[in-house]
Amino acid sequence: MDYNEDKIDEYTLALLYLVTHERHEGLGARAWKGFDWETLNRLHKKGYITNPVVTAKSVTMTEEGFRKSQELFKRHFIKEIKTLPFPKLTPSAKKRWEQIPEEIRKNILENVWCSKCRTMVALQLREGQISGRSVVLKGTCKICGGDAARVIEPDA
Ligand SMILES: [Zn+2]
């Protein structure tokens, strides 16, 4: 198998942050080491961890290694919820949406079903359009950052 070793090293180092169980400010940290052996050896050669060939179940991260691990973890794994200040609604959707009293609109946006969270969540509105006779609002779940949508049926 031909794979990008530097990339594996980068992600492994980032994941070490997740399994850090002892932090010694200025002196590094200790992390569980259930990772690929060759990768750990490469991280050792790069100066991020001490020699992993010891019997302990955890590995010692150097101060440089811990800081790099923390930085990479944030870069690769922290969720960022992108917020767009102005939701894009088509003119007809905007017209229909704005006919709804503000209080009810607010209530609608705060009670949107998120299939990932499996609960009602608040929606960060991103776009809206007319579909058939309904207004379809699409946006981002404020809890998990996933896509969620709400259909507003026309009044009977
Ligand atoms: Zn969600």
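Residues numbered from 1 in each chain as written. Predicted model: local features only at pLDDT ≥ 70, side-chain atom pairs only at ≥ 80, totals over all residues. Heavy atoms only, no water.

**A short note on the sheet that holds strand β9 (residues 147–152)**
- The 4 strands lie next to each other as β4-β7-β8-β9, forming an open sheet whose pairing is mixed. The open sheet is flanked by β4 (88–89) and β9, the only strands paired with a single partner.
- The strands that helix α4 (residues 91–99) touches are β4, β7 (123–131), β8 (134–141) and β9; relative to β7, the one it contacts most, it runs at about 110°. (Pairing = 2+ DSSP bridges. Helix = DSSP H or I, 4+ residues; strand = E, 2+ residues; numbered from the N terminus. Contact = heavy atoms within 4.5 Å. Axes fitted to C-alpha atoms, helices over the stretch in contact; angles between N-to-C directions.)

**Digging into the domain arrangement of the protein chain**
- Domain annotation for the protein chain reports domain 1 (5–77) and domain 2 (88–152).
- Using C-alpha coordinates to define each centre, domain 1 is positioned 42 Å away from domain 2. (Domains from an automatic or database assignment.)

**Structural notes on the sheet that holds strand β1 (residues 20–24)**
- Spatially, 3 strands are ordered β1-β2-β3 in an open sheet, and the strand pairing comes out antiparallel. Both edges of this open sheet fall to β1 and β3 (58–61), since each of them pairs with a single strand only. Neighbour-to-neighbour, the strand axes of the sheet open up by a mean angle of 15°, direction not taken into account.
- Strands β1, β2 (28–32) and β3 of the sheet are contacted by helix α3 (residues 63–77), whose axis makes an angle of about 125° with β1.

**Thoughts on the nonpolar core**
- In terms of nonpolar packing, the biggest core is built from 14 residues, with Leu 13, Leu 16, Ala 31, Leu 43, Ile 49, Val 59 and Met 61 touching the most fellow members.
- Of all the secondary-structure elements, those providing two or more residues to this core are α1 (5–18), β2, α2 (37–45), β3 and α3.
- Apart from the residues lying within four places of it in its own chain, the contact partners of Met 61 are Leu 13, Leu 16, Thr 20, Leu 27, Gly 28, Ala 29, Ala 31, Tyr 48, Ile 49, Phe 66 and Ser 69.
- Grouped together as the second largest cluster of nonpolar side chains are 13 residues, Ile 100, Leu 125, Val 135 and Leu 137 included. (Core = buried A, V, L, I, M, F, W, Y, C linked by side-chain atoms within 4.5 Å. Buried < 20%, exposed > 50% of the residue type's maximum accessible area, 1.4 Å probe, protein only.)

**Observations concerning the side chain of Thr 39**
- Structurally, Thr 39 can be placed in helix α2.
- If sequence neighbours within four positions are ignored, Thr 39 has contacts with Ile 8, Asp 9 and Thr 12.

**Some thoughts on the coordination of the zinc ion**
- For the zinc ion, the full set of protein donor atoms is Cys 114 (SG), Cys 117 (SG), Cys 141 (SG) and Cys 144 (SG), and the range of their distances to it is 2.2 to 2.4 Å.
- What the 4 donor atoms of the zinc ion show is an angle range of 102 to 115° at the metal, which sorts the shape as tetrahedral.
- Each donor residue of the zinc ion belongs to the same chain, and together they define the spacing C-x2-C-x23-C-x2-C. Residue Cys 114 is located in strand β5 (residues 112–114), and its partner Cys 141 is located in strand β8; the two are separated by 27 residues in the primary sequence. (Donors = N, O, S within 2.8 Å, 3.2 Å for Na, K, Ca; no water. Tetrahedral: all angles 85-135°; square planar, octahedral: opposite > 155°, others 65-115°.)

**Re unusual backbone geometry**
- The residue Arg 118 is not glycine, and still its phi comes out positive at about 55°.
- Residue placement: Arg 118 occurs in the loop between β5 and β6 (119–121).

**Description of the pattern of salt bridges**
- Here the structure, examined in full by the defined rule, presents 13 salt bridges.
- With its nearest N and O atoms 2.7 Å apart, the salt bridge here joins Glu 63 to Arg 67. With Glu 63 and Arg 67 both in helix α3 and 4 residues apart, the pair spans about one turn of that helix.
- Residue Glu 127 pairs with Arg 126 through a salt bridge whose shortest N-O separation is 3.9 Å. (Salt bridge = Lys/Arg side-chain N within 4 Å of Asp/Glu carboxyl O.)

**A word on the packing of α1 against α2**
- The N-to-C vectors of α1 and α2 enclose an angle of 85°; their axes lie 10 Å apart at closest approach. By the angle class used here, α1 and α2 are roughly perpendicular. Contacts between α1 and α2 involve Glu 5, Ile 8, Asp 9, Thr 12, Leu 13 and Leu 16 from the former and Thr 39, Arg 42 and Leu 43 from the latter.
- Across the contact of α1 with α2, the residue classes break down as 4 nonpolar, 2 polar and 3 charged. (Parallel < 35°, antiparallel > 145°, perpendicular 65-115°, else oblique. Nonpolar A, V, L, I, M, F, W, Y, C, P; charged D, E, K, R; others polar.)

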